[in-house]
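Structure at a glance
The chain contents come next:
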Amino acid sequence: MSNHAGFVELIARKRDGKKLRDADWRVVARAAAALERDPDNAPVPAYQLSALLMAAYLRGMAFSETRALTTAVADSGERLDWSGVDRPTVDKHSTGGVGDKLSLIAVPLLAACGAAVPKLSGRALGHTGGTIDKLESIPGLRLEYAAAELDGLLRGNGCFIAGHSAALAPADAVLYHLRDVTATVSSRPLVAASIVGKKLAAGAGTFVIDVKSGRGAIFPSQRESLRLARDIVRLARDAGRRCVCLLTGMDQPLGRAVGNALEVEEALAVLDGEGPGAVRDTALELAARGLKACGLSGNIDEAREAARGRLDDGAAREIFERMITAQGGDLCAFVKRSRDSIAEETLTAPRAGWLRRIGARAVARSAMLLGAGREKAAEAIDHEAGVVLAVERGARVETGQSLARLHTRRPETLAAARKALAGAFVIGGERPTPHRLLREVVE
Ligand code: URA
């Protein structure tokens, strides 16, 4: 069944709450992959796939259906094979956050601890950032590679970060895009199949997944995020992979910088032994959990010690630099780049009090208005644009004190971005209780 009329039956079955068979999910993934290859001649149009996604969103999916879709997504294109690599392969993924620059630190850190880390990343869409956009702020850096070239990069440096090629899990590219424009992103089975399907195609033996939880995450509720983490671990295990999920808080941006070049700078600071503690601690924990899950460390204390050691002795920073150079990037040119054309403005506190909240979505909205993100996939971004927070949640602030700096090459955006950013800060009379960043570990 790969024609228009047959697909209607499939939509109707899901609309009526029936379980689809494995073969039906293969039809869905094949239809999505055909749309990715040749949208004008695909047998199933985007509107029918969208209707099916909405039916799945509203009716839910049995775990067996989620597993069938996961396998079908992974098989919708090529699968990378790292079986010839002589170190354990570990892949890291995040469900998406604001100010989340952790891949830039965790990837070289895991490699410095002895893992091979083939990391394929995406771009920003909606309110969450994308690692590829961040890295594109480094002059000369190449991010598109054929599979054979990726093999050379992994063997040479122990890691790479490259763009997700259209040949890998092409069904997910279409399904994710359709979900993004039909309000069907926040479906637990669809998120789990999207993430694990892509990771299976990318071929690593162990997955470390950072499942964000809180107001700035796909699932604000910790209960739903925890269920997602359990589904991800079960799907990965059923496919013969090792997997650990960390549930981390995303109520406020991670660290201080939100925006592409600004986040690369903050990641470099952490690799240099500086930078915000929340970024450092989360990157260390992700790396340590990955080392334990892939078998390089026998227990979590030993893994934490190894990760801390390799961050503090500069080994992770050295591997990051080698990775950037091997991919054609010029880190010195990035560090010394001119900031002459960048307009900056300070947002100050309108009153004194305790900083009770820094809303992640409002900060992301402000950064996007400044040019750091995109509302539509084809939009150009300004790599220098973004927001740097001057204070952390829980701080005592005085009237007129700096809360954040806005950066942009599009000064006409400053007024709207300032207004959006002002809405992120909630100042009150009572000191807030601290948030825990690491909430659960599922393995
Ligand atoms: N990240 C993904 O890769 N897929 C989703 O569906 C959501 C977040």
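Residues numbered from 1 in each chain as written. Predicted model: local features only at pLDDT ≥ 70, side-chain atom pairs only at ≥ 80, totals over all residues. Heavy atoms only, no water.

Throughout the structure, instances matching the rule amount to 35 salt bridges. For the salt bridge of R289 with E285, the shortest nitrogen-to-oxygen distance reads 2.9 Å. One end of the pair, R289, and the other, E285, are both in helix α12 (residues 277-294), four residues apart, so they sit about a helical turn from each other. The buried category is assigned to R289, whose relative accessible area is 10%. Under the relative-accessibility criterion, E285 is labelled buried at 10%. (Salt bridge = Lys/Arg side-chain N within 4 Å of Asp/Glu carboxyl O. Helix = DSSP H or I, 4+ residues; strand = E, 2+ residues; numbered from the N terminus. Buried < 20%, exposed > 50% of the residue type's maximum accessible area, 1.4 Å probe, protein only.)

This part covers the side chain of R179. Among the structural elements, R179 can be located in helix α8 (residues 170-181). In this structure, R179 is buried with no salt-bridge partner, the nearest side chain bearing the opposite charge being D172 at 4.8 Å. (Lys, Arg positive; Asp, Glu negative; His and termini not counted.)

If you walk across this open sheet you meet the four strands as β1-β4-β5-β13, and the pairing is mixed. Every interior strand has two partners, whereas the edge strands, β1 (90-94) and β13 (438-442), have only one. With strand direction ignored, the average angle separating the axes of adjacent strands in the sheet is 15 degrees. Here helix α9 (residues 188-202) sits on the sheet in contact with β1 and β4 (206-213), set at roughly 155 degrees to β1. (Pairing = 2+ DSSP bridges. Axes fitted to C-alpha atoms, helices over the stretch in contact; angles between N-to-C directions. Contact = heavy atoms within 4.5 Å.)

At A169, a position not held by glycine, the phi torsion is positive, near 45 degrees. Mapped onto the fold, A169 is located in the loop between β3 (159-163) and α8. Backbone geometry places A183, a non-glycine residue, at a positive phi of 55 degrees. Within the secondary structure layout, A183 lies in the loop between α8 and α9.

Our focus in this paragraph is the sheet that holds strand β8 (residues 353-358). Strand pairing in a sheet is mediated by backbone hydrogen bonds. Such pairs are either parallel or antiparallel. If you trace the three strands from one edge of the open sheet to the other, you get β10-β8-β12, paired in antiparallel fashion. A strand with exactly one partner marks an edge of an open sheet, and here the two such strands are β10 (396-397) and β12 (425-428). Bridging between β8 and β12 involves four bridges; their strand directions are antiparallel. Each bridged residue has a counterpart across the sheet, and for W354 the counterpart in β12 is G428.

All right, on to the packing of aromatic side chains then. Following the criterion strictly, the structure yields one aromatic pair and no others. Geometrically, the ring pair formed by W82 and F160 is tilted, given 6.0 Å between the ring centres and 50 degrees between the ring planes. Taken together, the residues span a long stretch of sequence, with W82 in the loop between α4 (63-74) and β1 and F160 in strand β3 at a distance of 78 residues. As far as burial versus exposure is concerned, W82 and F160 are alike and both buried. One cation-aromatic arrangement involves R234 over F63; the distance from NZ or CZ to the ring centre is 3.7 Å. (Phe/Tyr/Trp six-rings, centres within 6.5 Å; stacked < 30°, edge-to-face > 60°. Lys NZ or Arg CZ within 6 Å of the ring centre and 35° of its normal.)

When you line up the elements, T95 lands in the loop between β1 and α5 (102-112). On the accessibility criterion, T95 (11% relative accessible area) is buried. Within polar-contact distance, the side chain of T95 engages the backbone nitrogen of K212 at 3.0 Å. If near-sequence neighbours (up to four positions away) are discounted, T95 is found in contact with I195, D210, V211, K212, I218 and L228. (Polar contact = N/O pair within 3.5 Å; in protein donor to acceptor, adjacent residues only side chain to side chain.)

Taken together, H93, T95, Y176, R179, V191, S194, I195, K198 and I218 are the residues near the ligand. Within the side chain of R179, a nitrogen or oxygen atom sits 2.9 Å from an oxygen atom of the ligand. At a separation of 2.6 Å, an oxygen atom of the ligand approaches a polar side-chain atom of K198. Coverage of the ligand by the protein chains reaches 93% of its 240 Å² of free accessible surface. Those elements that provide at least two residues to the shell around the ligand are α8 and α9. Among the elements that take part in the shell around the ligand, α9 stands out by supplying four residues, more than any other. Partitioning the shell around the ligand into residue classes produces four nonpolar, three polar and two charged. (Near = heavy atom within 4 Å. Areas by Shrake-Rupley, 256 points an atom, 1.4 Å probe, with all protein chains shown as cover. Nonpolar A, V, L, I, M, F, W, Y, C, P; charged D, E, K, R; others polar.)

What follows is about the environment of K18. Looking at the secondary structure, you find K18 in the loop between α1 (4-15) and α2 (22-37). Along the primary structure K18 and R59 are separated by 41 residues, whereas in three dimensions their C-alpha atoms are 8.5 Å apart. In contact with K18, other than residues within four places in its own chain, are R13 and E65.

Another aspect to go through is the pairing of strand β11 (residues 402-408). In terms of burial, β11 is a largely internal element, five of the seven residues being buried. As defined by bridge partners, strand β7 (residues 343-348) adjoins β11 across six bridges and the pair is classed as antiparallel. By the bridge assignment for β11, E344 is matched with H407.

The subject of this paragraph is the domain arrangement of the chain. Each domain of the chain was delimited in the assignment, giving domain 1 (4-60), domain 2 (90-334) and domain 3 (343-428). With both chains or domains summed, domain 1 and domain 2 bury close to 1,200 Å², and 81% of this area falls on carbon and sulfur atoms. Where domain 1 packs against domain 2, one counts zero salt bridges. The interface formed by domain 1 and domain 2 holds one residue pair in polar contact (both at pLDDT 80 or more) in total. At the level of elements, α2 and α3 (46-59) are the ones that each hand at least two residues to the side of domain 1 that touches domain 2. Residue classes in the side of domain 1 that touches domain 2 are distributed as ten nonpolar, one polar and one charged. (Domains from an automatic or database assignment. Buried area = accessible area lost by both parts, 1.4 Å probe.)

What follows is about the packing of α3 against α8. Their axes nearest at 10 Å, the elements α3 and α8 cross at an angle of 75 degrees. With respect to α8, the element α3 is oriented roughly perpendicular. Of the residues in α8, those touching α3 at A46, L49, S50 and L53 are V174, L175, L178 and R179. Across the contact of α3 with α8, the residue classes break down as six nonpolar, one polar and one charged. (Parallel < 35°, antiparallel > 145°, perpendicular 65-115°, else oblique.)

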